[in-house]
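A look at the structure
Here are the chains, one letter per residue:
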Amino acid sequence: MTGGFFRAVYEVVAQIPYGRVMTYGDIARMIGYPGRARYVGYAMRACPDGLPWHRVIKADGSIAGGDFAPVRKALLAQENVPFLPDGRVDLERCRLQHRT
């Protein structure tokens, strides 16, 4: 993947509003690379400061990020993002819908 792919990912991430989330796969499909969720993850590892990186989650609503997962969850909770009893984000209630 090229720098253009990363830029496209960051442009989408920048547009995720407060209290909403998108999955890695959502972003991949939105920028024309269905099936490349893992590459979106690679881009997010190098995410520039100032972007709402915490609003990008896994397809099942779980929160990625290793040691940063608790921070990410706390940031989402501050935005009133709803969670299921098992700790995953309630995608039905806060997933940003997009058109491809």
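A few points on the structure. (Residues numbered from 1 in each chain as written. Predicted model: local features only at pLDDT ≥ 70, side-chain atom pairs only at ≥ 80, totals over all residues. Heavy atoms only, no water.)

Concerning the side chain of D90
To keep it simple, the criterion reads: Secondary structure elements are defined from DSSP: runs of H or I of at least 4 residues count as helices, runs of E of at least 2 residues count as strands, and each element is numbered from the N terminus. Buried residues are those whose accessible area, probed at 1.4 Å on protein chains only, stays under 20% of the maximum for their type, while exposed residues exceed 50% and partly exposed ones sit between those limits. Contact between two residues is taken to exist if any of their heavy atoms lie within 4.5 Å; hydrogens are not considered.
Along the polypeptide, D90 turns up in the loop between α4 (69-78) and α5 (91-94). Overall, the relative accessible area of 13% leaves D90 in the buried class. The residues contacting D90, other than those within four sequence positions of it, are P82, F83 and L84.

Here's the deal with the packing of aromatic side chains
The relative placement of two aromatic rings is captured by the distance of their centres and the angle of their planes. Definition in use: Stacked, tilted and edge-to-face are the three classes assigned to paired rings of Phe, Tyr and Trp, where Trp is represented by its six-membered ring and a pair needs centres within 6.5 Å; plane angles under 30 degrees give stacked, over 60 edge-to-face, the rest tilted.
Within this structure, the stated rule accounts for four aromatic pairs. Seen in terms of ring centroids, F6 and Y10 are 6.2 Å apart; in terms of plane orientation they differ by 75°. Their pairing is edge-to-face. Of this pair, F6 and Y10 both sit in helix α1 (residues 3-14), four residues apart, which is roughly one turn of that helix. For F6, a relative accessible area of 25% translates into the label partly exposed. What makes Y10 buried here is its relative accessible area of 12%. Their ring planes at 85° and their centres at 5.6 Å tell us that Y39 and Y42 sit as a pair that is edge-to-face. Of the two residues, Y39 and Y42 both sit in helix α3 (residues 37-45), three residues apart, roughly one turn of that helix.

Re the nonpolar core
Nonpolar side chains in soluble globular proteins generally cluster together in the buried interior. How we decide: Here, nonpolar core means buried Ala, Val, Leu, Ile, Met, Phe, Trp, Tyr and Cys residues that are tied together by side-chain atoms lying within 4.5 Å of each other.
Core analysis: the largest hydrophobic core is formed by 18 residues, its most contacted members being V9, V13, I27, V40, M44 and V56. Broken down by element, this core gets its largest block of residues, five residues, from α1. Among all residues touching I27, those that are not within four sequence positions of it are V9, V12, V13, M22, V40 and V56. In terms of nonpolar packing, the next biggest core, distinct from the first, is built from nine residues, I63, L76, V89 and C94 among them.

Things to note about α1
This is how the line gets drawn: Multiplying one less than the number of residues by 1.5 Å gives the expected span of a helix. Of all possible arcs, the one meant is that of the directions from the helix axis to the C-beta atoms.
In a regular helix each residue adds 1.5 Å, so 12 residues correspond to 16 Å; α1 covers 16 Å between its end C-alpha atoms and thus fits that length. For α1, the full list of buried residues reads F5, V9, Y10, V12 and V13. The buried residues of α1 occupy an angular sector of 160° when projected down its axis, which confines them to one face. Turned more than 90 degrees away from the buried face of α1, the exposed residues are R7 and E11.

Keep in mind these values describe shape, not function.
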